[in-house]
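Residue strings, one per chain:
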Amino acid sequence: MINSRFFNRSELMGFIALAAVLFVILPLTLDVFRLNLVAKYLTYAFVALGLVLCWGYGGILSLGQGVFFGLGGYCMAMFLKLEASSVENTKIQSTPGIPDFMDWNQITSLPLFWQPFHSLTFTILAIILVPGLFALIIGTAMFKRRVGGTYFAIITQAVAAILTILIVGQQGYTGGINGMTDLRTLRGWDIRPDHAKIILYFVEVLLLFACIGIAQFIRLTKLGRILVAMREQEDRVRFSGYSVANFKIFAFCMAAVFAAIGGAMFALNVGFMSPSFVGIVPSIEMVIYTAVGGRMSIFGAIWGALLVNFAKTSLSESFPQLWLFGLGALFIAVVLAFPNGLSGLWADYVQPRIDRLFASRKPKPDWNDNSVADGAPAE
Amino acid sequence: MSDEANKGLLSPLRRKLLMGMAAVPAITMLPRASFAQAPATSAVNTTGLAVTDTEVTVGILHSATGTMAISETGSIEAEKLAIEQINAMGGVLGRKIKFIQEDGASDWPTFAEKAKKLLVNDKVAAIMGCWTSASRKAVLPVMEQYNGMLYYPTFYEGLEQSKNVIYTGQEATQQILAGLNWIAKEKGAKSFFFIGSDYIWPRTSNKIARKHVENVLKGKVVGEEYYALGSTQFNSVINKIKLTKPDVIFTDVVGGSNVAFYKQLKAAGIDLAKQALLTISVTEDEIDGIGGENIAGAYACMKYFQSLDNPNNKTFVPAFKKMWGEKTVIGDVTQAAYLGPWLWKLTVEKAGSFDVDKIAAASPGVEFKGAPEGYVRIHENHHLWSKTRVGRAKLDGQFELIYETADLVEPDPFPKGYQ
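Computed from a prediction, not measured in an experiment: that's the story for all the values here.

### Description of the overall build of chain A
Consideration 1: Of the regular secondary structure elements, chain A holds 17 helices and two strands.
Consideration 2: The C-alpha radius of gyration computed for chain A amounts to 22 Å, which stays within 12% of the reference 21 Å derived for 379 residues, consistent with globular compactness.
Consideration 3: Expressed as a percentage of its 379 residues, the buried residues of chain A come to 42%.
Consideration 4: A separation of at least 24 residues holds for 78% of the contacts in chain A among residues at least 6 apart in sequence.

### Structural notes on the overall build of chain B
Consideration 1: Within chain B one finds 14 helices and 15 strands.
Consideration 2: Each principal axis of the C-alpha distribution contributes one length, and for chain B these read about 75 × 55 × 35 Å.
Consideration 3: Relative to its full complement of 419 residues, chain B shows a buried share of 51%.
Consideration 4: The contacts of chain B with a sequence gap of at least 6 include a subset with a gap of at least 24, amounting to 71%.

### Side note on the interface of chain B and chain A
Consideration 1: On the chain A side, the residues contacting the 33 residues of chain B number 28 residues.
Consideration 2: For the side of chain B that touches chain A, the secondary-structure elements that each account for two or more residues are β2 (96–103), α4 (108–121), α5 (133–145) and α7 (200–216) of chain B.
Consideration 3: Tallying contributions element by element places α4 of chain B first for the side of chain B that touches chain A, with eight residues.
Consideration 4: Looking at the side of chain B that touches chain A residue by residue, the classes come out as 16 nonpolar, eight polar and nine charged.

### Observations regarding the packing of helix α6 (residues 120–143) of chain A against helix α12 (residues 244–270) of chain A
Residue and element names in this part refer to chain A.
Consideration 1: The interhelical angle for the contact between α6 and α12, taken along N-to-C directions, is 150°, at an axis separation of 8 Å. As the angle between them shows, α6 and α12 are arranged roughly antiparallel. The element α6 and its partner α12 pack so that their crossing is right-handed. Across the interface between the two elements, I127, I128, P131, G132, A135, L136, G139, T140 and F143 of α6 pack against A245, K248, I249, F252, C253, A256, V257, A259, A260, I261 and A264 of α12.
Consideration 2: Residues of the contact of α6 with α12, tallied by class, amount to 16 nonpolar, three polar and one charged.

### Examining the sheet that holds strand β12 (residues 376–378) of chain B
All names here are of chain B.
Consideration 1: Taking strand neighbours across the sheet as the criterion, the three strands line up as β11-β12-β13 in an open arrangement whose pairing is antiparallel. On the outer flanks of this sheet lie β11 (367–368) and β13 (384–385), each paired with one strand and no other.
Consideration 2: Pairing geometry for β11 and β12, over two bridges, is antiparallel. Looking at the pairing, F368 lines up with V376 of β12.

### A look at helix α2 (residues 9–29) of chain A
Consideration 1: Over its 21 residues, α2 of chain A extends 28 Å from the first C-alpha to the last, a length consistent with the 30 Å expected when each residue adds 1.5 Å.
Consideration 2: By the burial criterion, the buried members of α2 of chain A are S10, G14, L18 and L22 of chain A.

### Here we look at the sheet that holds strand β6 (residues 191–197) of chain B
All names here are of chain B.
Consideration 1: Pairing within the open sheet is mixed, and its seven strands lie in the order β7-β6-β8-β9-β10-β14-β15. For this open sheet the edge positions go to β7 (220–227) and β15 (399–404), each flanked by a neighbour on one side alone. Pairs of neighbouring strands in the sheet enclose a mean axial angle of 25°, with direction left out of account.
Consideration 2: Examined bridge by bridge, strand β8 (residues 248–252) and strand β9 (residues 276–279) share four bridges and lie parallel to one another. By the bridge assignment for β9, T251 is matched with T279.
Consideration 3: Together, β6, β7 and β8 form the strand contacts of α7, whose direction differs from that of β6 by roughly 170°.
Consideration 4: Those strands touched by helix α8 (residues 235–244) are β6, β7 and β8, and its axis lies near 175° from that of β7.

### Topic: the packing of helix α4 (residues 65–84) of chain A against helix α7 (residues 149–169) of chain A
Residues and elements named next belong to chain A.
Consideration 1: Running from N to C, α4 and α7 cross one another at 35°; their axes reach a closest spacing of 8 Å. Taken together, the residues of α7 that come into contact with α4 (itself represented by G66, V67 and G70) are V159, A160 and L163.
Consideration 2: Here the contact of α4 with α7 is composed, by residue class, of four nonpolar, two polar and no charged.

### Side note on the environment of Q175 of chain B
Residues and elements named next belong to chain B.
Consideration 1: With respect to the helices, strands and loops of the structure, Q175 is situated in helix α6 (residues 172–187).
Consideration 2: Since 27 C-beta atoms lie within 10 Å of it, Q175 is described here as buried.
Consideration 3: Residues Q175 and F99, 76 residues apart in the sequence, show an inter-C-alpha distance of 31 Å.
Consideration 4: Once residues lying within four places of it in the same chain are set aside, the contact partners of Q175 are F155, Q170, I280, C301 and T388.

### Notes on the pairing of strand β1 (residues 55–62) of chain B
Residues and elements named next belong to chain B.
Consideration 1: Of all the eight residues making up β1, seven are buried; the element is thus mostly covered by neighbouring parts of the structure.
Consideration 2: Bridge count for β1 against β2 is eight bridges, and the pairing is parallel. The residue bridging V58 from the neighbouring strand is F99, located in β2.

### Considering the nonpolar core
Residues and elements named next belong to chain A.
Consideration 1: Grouped together as the largest cluster of nonpolar side chains are 173 residues, with contacts concentrated most on A48, L49, A267 and I302.
Consideration 2: It is α12 that contributes the most residues to this core, 19 residues altogether.
Consideration 3: If near-sequence neighbours (up to four positions away) are discounted, A48 is found in contact with M286, Y289, T290, G293, A301, I302, G304 and A305.

### Focus on the pairing of β15 of chain B
Residue and element names in this part refer to chain B.
Consideration 1: Bridge count for strand β14 (residues 389–393) against β15 is five bridges, and the pairing is antiparallel. Bridging from a neighbouring strand, V390 pairs with Y403 of β15.
Consideration 2: In sequence, β14 turns back onto β15 through a hairpin of five residues, with G397 there showing a positive phi of about 90°.

### Some points on the confidence of the model for chain A
Caution is warranted with low-pLDDT regions, since their predicted coordinates should not be read in detail.
Consideration 1: For chain A, per-residue confidence averages 87 on the pLDDT scale, and residues scoring 70 or more make up 93% of the total.
Consideration 2: Across residues 364–379 of chain A, confidence stays below pLDDT 50; counting only partners more than four residues off in sequence or on other chains, it has 10 contacts.

### Brief notes about α4 of chain B
Along an α-helix, residues three or four apart share an orientation, since each turn contains 3.6 residues.
All names here are of chain B.
Consideration 1: Between its first and last C-alpha, α4 extends 19 Å over 14 residues, near the 20 Å set by a 1.5 Å rise per residue.
Consideration 2: With 12 of 14 residues buried, α4 lies mostly within the body of the structure.
Consideration 3: Listed as buried for α4 are W108, P109, T110, F111, A112, E113, K114, A115, K116, K117, L118 and L119.

Thresholds applied
Residues numbered from 1 in each chain as written. Chains lettered and ligands numbered in written order. Predicted model: local features only at pLDDT ≥ 70, side-chain atom pairs only at ≥ 80, totals over all residues. Helix = DSSP H or I, 4+ residues; strand = E, 2+ residues; numbered from the N terminus. Rg over C-alpha atoms; globule rule 2.2 N^0.38 Å. Buried ≥ 20, exposed ≤ 12 C-beta atoms within 10 Å, placed from the backbone. Contact = placed C-beta atoms within 7 Å. Nonpolar A, V, L, I, M, F, W, Y, C, P; charged D, E, K, R; others polar. Axes fitted to C-alpha atoms, helices over the stretch in contact; angles between N-to-C directions. Parallel < 35°, antiparallel > 145°, perpendicular 65-115°, else oblique. Left-handed = near helix turned anticlockwise from the far one by under 90°. Pairing = 2+ DSSP bridges. Expected span 1.5 Å × (residues − 1). Core = buried A, V, L, I, M, F, W, Y, C linked by C-beta atoms within 7 Å. pLDDT = per-residue confidence, 0-100.

Here it is, written out as structure tokens:
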């Protein structure tokens, strides 16, 4: 009963389908290598989920989600890198006990801002708080001045470009263009062998479902409705006495935190972090996953992230020289033919058939249920 | 208590069982006749690599797309040529080489993912690949974890040595020191100006060069400047060069930035016929983009030039052009990439096995007499003994060999006194 209120019927089906695929079908059918790839794809699903809240519902298009993905990932990577750079592991360096890239750049002691990353608790807090606060600052600066729409998108892009340049330029402190490689253990637990990959996969899927729960909760509360109202008619919401800026900041911060969790899981699953996830191109790719999956649909966006990345891997394995063209064609086709993404396709073509199937079995059709949830009356 | 112990036992056991089950269909697929030769394959391949009675699979892992594609294409071509030539000679231990090509897409994580795919999924016996240091750093943990063998072609910064990598390019001291000695002696150079792209290879190379200039040559470094990758504005540094008037400009600017750098240098009136410039980052491939007229007169410090006059190179260059077109040029790294498959073949034959551990152990001492650069030998530290050469760029985009070391230079990835 609680479920039927939290999710309507089609959402419940979507939830069950996703849970079945991620918890049961994929782990049973894929080998560890492929499962680890799925774990990598899923880190982008966190970002897509954040974009559904912020872009799909709130109407705030951010082209700089790579910044938050990167901040989360770098926080995690700094902790892991410090652990991998024990004095014993780095005997060969001129200054043992500091990360290898610092040694190559003639840095002789651990910089101050690296010190707290010896602590896992601090790291976990930092993964949430650093991107969250950063989003709060950008959001406050922008939305309080009523900067929105295209200008906001351009500014987020600029932030992504600046952060990339900063990371690449300060290579003694960040690893530069190489990134932080060779991450090995988490509190002494080796993250590289197969069984660790499986555990990390399930931890990640659980976290993803927790985030889905939070997103769905936000969507269903009054807050979610205000977000949608803001997207449709910002002035009306403002004239009704709501502080539009605060709601926008909130949505933007949530999206940032989701992206950061994805980034941290990325560092754990893939075993390294580099500026190539922070810049403009990856940030736009993240928006594309969401668009392909359907920006209005939580589950659609997650499928989008999974399928686009899967297509990327399999196309590049089969056609090493031509795959980028194939991928480009796929995006154009999806956007031209189904502007609401895969979830729009599902809602237009597949869902009605399922509904009819149920309707023919039951004498009394229950589309009422659906229409209430979709067009819920304003409170 | 006993439950816990059981769990520990169970999972490796299950994995072994699963692997055994996976092998059953593979066995049934083999033709019956091959059982007669089975001991051969089982003897040369004890670790489950992709080796059959007639074929052995290797991986090629470079960027075929993205910004690095322009540099890495030459390496892909050279490796394919070497594989074709080896197959034409009967292959390795009687087995034809089959290759699986993967695209690293100029993206370091993709390199790691594809390396893992080649090792775990395809069970390749060796990988020829990587180009930038960043891609190698990303791939290295994967090679070590899954015990693969990587043949890495690019000249690089050193400070690395792995059982699982054979470095067929030069490490920094091999590339730099002899060149600096030569220019100090030949030109009486005392003052140097360093210009590099801002990442690990130029920074480390310049660190080594600075120590050598200051401690060994008793010269002076009058300037050291770094520019972001892809940067195209060099006017301020060119002004500084004009002010400080160094005897030698020493550059390790990479990629597209080179085009802007040499054009602006020429436009600023610095004539490379009079101003000595020593580069460790411009090969025939880069000159293709820079234009011979913009860089003619500059000295490059490499181990191979397309114009080298020796019997090996005289057969290599036409073979390469026949396969990939008359207009292609062959740079230092392309030649080093060509060495990869050959060194691997020679090592496999020396070890009598495809097993990675045996190849790693057998590598030191393997010599390749057919190398286009002349003769190379693998050192205990998995780098190559090779000569250092200085060439002078000509208008037609080729180098004229000016100087080469008399002997092979010993690779020294962790140089004492230079760190």
